[in-house]
Amino acid sequence: MSSATQGQSGPTDKFPVIKFVSIAIISLVIVSPLFLLIVASLKPDRFQILAEMGSFKAFIVTNPTLKNYGDILTFSGNQPFARYLVNSVIVLTFTLLGGMLFNSMAAFVLAWGRLPGRAIILTLMIGLYIVPQESIVLPLLNIMNNLGLADSFAAQILPFWASPLYVFLLYQFFSQIPRDLYDAAVVDGASPFEIYWKVFLPISLPALATVAILLGIETWNQYLWPLLVTQSNYARPISVGIAGFFGADSIYWNLAMSASVVMMAPVLAFYLMFQKWFVSSVISSGVKG
Amino acid sequence: MLLPACIIISAFLLVPFVMSFPISLTNQRLIPRPYRFVGLDNYVQVLTDPVFWQALWNVTRFTAMVVPVQCGFALAMALLINQKIPGRNFFRGALFLPAITSMTVVCVIWGTLFQFPTGPLNQIVGFLTLGMAGPIDWLGDPRSSMPAIVLLSAWQAYGFQMVVYLAGLQNIPADLYEAARLDGASTWQRFRFVTLPGLRQTNIFVLIITTIQAFKLFTQINILTQGGPRDSTNTVVQYMYTVGFVGQKLGLASAVAIILFVIVLLISLVQRYVLRDRK
């Protein structure tokens, strides 16, 4: 086989080594800031972190220690990090519990219920999807203040129990389930809730996982809303907490590093376990026009 | 069963959205105190405030930079990773990592990388230019602050566009490439006349979504620069945050919120129009 015909045979066969090397180098460069973060968090103090940041020592740690992690979890003072972490876990847990239930119930009814105003509700939901969260947060804050929910967990959980995007994603999935399945359950005398709970949910795991991943990441990383609604450490989540560590001055540089790793670790762990689902979730969150 | 979701969406999305219109016509504040109808005063005040125009100009500038950089890089990576390269699933997994990193964490990392004068990025710049370019005060210099924000934002978010492009590429029928090859098309011609037209829908979708997200720029600004230096990174949402939350002027901030909504709505309408065009 001459090299000319090989060149003709398509992009897949040309320059395999060059392609491999370039993708390897690019991946390395892209991931290096994350690697840098983890290495820095293992260094004993902020002076060493800052001093070594500008050289190749930034990627090496000769005297690794978990001191920063111990410090961050026992740190009290103005920024009780352990508290932020617990707060985030609480908000995440209850947001997911309610969010999965209410979004999927609504989607089920919209897809299969015999409700008069179904089409109108669906149109309204899709319309509301365009409204950016950023443009409603201040009136929403005002509502929370009036309800006496300022600085509470409820204020960070309740608004996220239902969202047009997730209702719509699940609605699309439910509508594709064959009619026979629904009819058979009706013939068996199942109530709508039983059909939803025992027939539809068990076969909808891919769609439910998609919503759980998207809602989970969104909740964990949420910044603007908790920044507005938490005025004290009582219910403040980790995202806003770390910004407080970092923003004021760089005294706690080492702690900001270890705190960031702690914040990232659970997401990373889930990602490594369910990589395929993560990627397909992101795609389906986008593909709705 | 539909009721809980309807109540929640009404109470926490529909009502605040609808309320922001009347609120924007008053001088209401976040703290309860008497307020009155002021007509369009808030809109006049916002639209005659040079800081607002600076913020709007900044997000426009940001969008003009971040959309091509982020989407271009994402497309390039998608094309590369779509080939038969050993370990490509591994590389795809690695390339997607920044996309699952929280913006707060991204700010800690890049705040460190941008350190002036001895941070890693300045060392790299010094090394590549043989010390000819002096250290850059990335976030502290009005000339470099927005490009610096573009860099970290594109790094964080390109993975999303990459996987969407990848899905788009895999939807292009392989026989189209085969036919182009039989016709003797070069690599560039195959890209130009098969790949690009095949990605048309994906392209429009990705560009619009990225544009909308860019106009809502806030978190990285709020953490790293607070809109500074000298308002060079101020954005519409940061402006809204400053007048509404820091300044407690709910009426004024609602006017900004509605202006933001109108911008996002217009971009969405452009998307609808362009996509309907050829269906």
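Residues numbered from 1 in each chain as written. Chains lettered and ligands numbered in written order. Predicted model: local features only at pLDDT ≥ 70, side-chain atom pairs only at ≥ 80, totals over all residues. Heavy atoms only, no water.

Draft legend 1. Summary view of the overall build of chain A. Summing up its helical and strand segments, chain A has 16 helices and zero strands in all. Relative to the 2.2 N^0.38 estimate, which gives 19 Å for 289 residues, the radius of gyration of chain A is 24 Å and therefore markedly larger than a compact globule would have. Across its three principal axes, chain A shows a C-alpha extent of roughly 75 × 70 × 35 Å. Burial statistics for chain A: of 289 residues in total, 51% are counted as buried. The long-range share in chain A, meaning contacts at least 24 apart out of those at least 6 apart in sequence, stands at 74%. With an accessible surface of roughly 13100 Å², chain A has 70% of that area assigned to carbon and sulfur atoms. Of the charged side chains in chain A, 14 are positive and 12 negative, and the gap between their average positions amounts to 5 Å. (Helix = DSSP H or I, 4+ residues; strand = E, 2+ residues; numbered from the N terminus. Rg over C-alpha atoms; globule rule 2.2 N^0.38 Å. Buried < 20%, exposed > 50% of the residue type's maximum accessible area, 1.4 Å probe, protein only. Contact = heavy atoms within 4.5 Å. Areas by Shrake-Rupley, 256 points an atom, 1.4 Å probe, with all protein chains shown as cover. Lys, Arg positive; Asp, Glu negative; His and termini not counted. Charge placed at Lys NZ, Arg CZ, Asp CG, Glu CD.)

Draft legend 2. Layout of the overall build of chain B. Within chain B, the secondary structure is distributed over 13 helices and zero strands. In chain B, the succession of helices and strands from N to C terminus is α-α-α-α-α-α-α-α-α-α-α-α-α. A principal-axis box enclosing the C-alpha atoms of chain B has dimensions of 75 × 55 × 35 Å. Per-residue burial over chain B gives 56% buried out of 279 residues. Within chain B, counting contacts between residues at least 6 apart in sequence, those at least 24 apart form 68% of the total. Per element, the accessible surface of chain B, about 12500 Å² overall, is 67% carbon and sulfur. One finds the centroid of the 19 positive side-chain charges in chain B at a distance of 5 Å from the centroid of its 9 negative side-chain charges.

Draft legend 3. Quick peek at the environment of B:Gly227. Residues and elements named next belong to chain B. Assignment of secondary structure puts glycine 227 in the loop between α11 (219-224) and α12 (236-246). For glycine 227, a relative accessible area of 0% puts it in the buried group. Placed eleven residues apart in sequence, glycine 227 and glutamine 238 show a C-alpha to C-alpha distance of 6.8 Å. Glycine 227 has contacts with Ile221, Ser232, Thr233, Asn234 and Gln238, leaving out every residue within four places of it along the chain.

Draft legend 4. Inspection of the domain arrangement of chain A at higher detail. All names here are of chain A. The domain boundaries assigned to chain A delineate domain 1 (3-65) and domain 2 (81-286). Using C-alpha coordinates to define each centre, domain 1 is positioned 34 Å away from domain 2. Each side of the interface is counted separately: domain 1 has eleven residues, and domain 2 has nine residues. A buried area of about 790 Å², summed over both sides, lies between domain 1 and domain 2, and 83% of it is on carbon and sulfur atoms. (Domains from an automatic or database assignment. Buried area = accessible area lost by both parts, 1.4 Å probe.)

Draft legend 5. Representation of the pattern of salt bridges. Residue and element names in this part refer to chain B. With the rule as written, the count across this model stands at six salt bridges over all chains. Across the pair aspartate 141 and arginine 143 runs a salt bridge whose closest N-O atoms are separated by 2.8 Å. Overall, the relative accessible area of 70% leaves arginine 143 in the exposed class. For glutamate 178, the salt bridge goes to arginine 181, with nearest N and O atoms at 3.1 Å. Of the two residues, glutamate 178 and arginine 181 are both situated in helix α8 (residues 174-182); the distance of three residues between them amounts to about one turn of the helix. What makes arginine 181 buried here is its relative accessible area of 18%. (Salt bridge = Lys/Arg side-chain N within 4 Å of Asp/Glu carboxyl O.)

Draft legend 6. Highlighting the interface of chain A and chain B. Taken together, the contact between chain A and chain B spans 84 residues of the former and 85 residues of the latter. Between chain A and chain B lies a buried interface of about 7500 Å² when both sides are counted; carbon and sulfur atoms form 79% of it. On the surface where chain A and chain B come into contact, there are one salt bridge. Its salt-bridge partner being B:Lys216, residue A:Glu134 comes within 4.0 Å of it at the nearest N-O pair. Linking chain A to chain B there are four residue pairs in polar contact (both at pLDDT 80 or more). Looking at the side of chain A that touches chain B element by element, the count peaks at 13 residues for helix α2 (residues 16-41) of chain A. Residues belonging to the side of chain A that touches chain B are distributed by class as follows: 62 nonpolar, 18 polar and four charged. (Polar contact = N/O pair within 3.5 Å; in protein donor to acceptor, adjacent residues only side chain to side chain. Nonpolar A, V, L, I, M, F, W, Y, C, P; charged D, E, K, R; others polar.)

Draft legend 7. Inspection of unusual backbone geometry at higher detail. Residues and elements named next belong to chain B. For the bond running from glycine 228 to proline 229, omega is -10 degrees, close enough to zero to count as cis. Assignment of secondary structure puts proline 229 in the loop between α11 and α12. Even without being glycine, glutamine 226 reaches a positive phi, approximately 55 degrees. Take glutamine 226: it is sitting in the loop between α11 and α12. With a relative accessible area of 49%, glutamine 226 lands in the partly exposed category. For arginine 230, which is not a glycine, the phi torsion comes out positive at approximately 45 degrees. Here arginine 230 shows up in the loop between α11 and α12. By relative accessible area, which is 73% here, arginine 230 ends up exposed.

Draft legend 8. Region of interest: helix α1 (residues 3-23) of chain B. At B:Ser10, α1(B) shows its maximal bend, which comes to roughly 40 degrees. Turning to α1(B), its buried residues number three or more, namely B:Ala5, B:Ile8, B:Ile9, B:Phe12, B:Leu13, B:Pro16, B:Phe17, B:Ser20 and B:Ile23. (Bend = angle between axes of the 7 residues up to and from the residue.)

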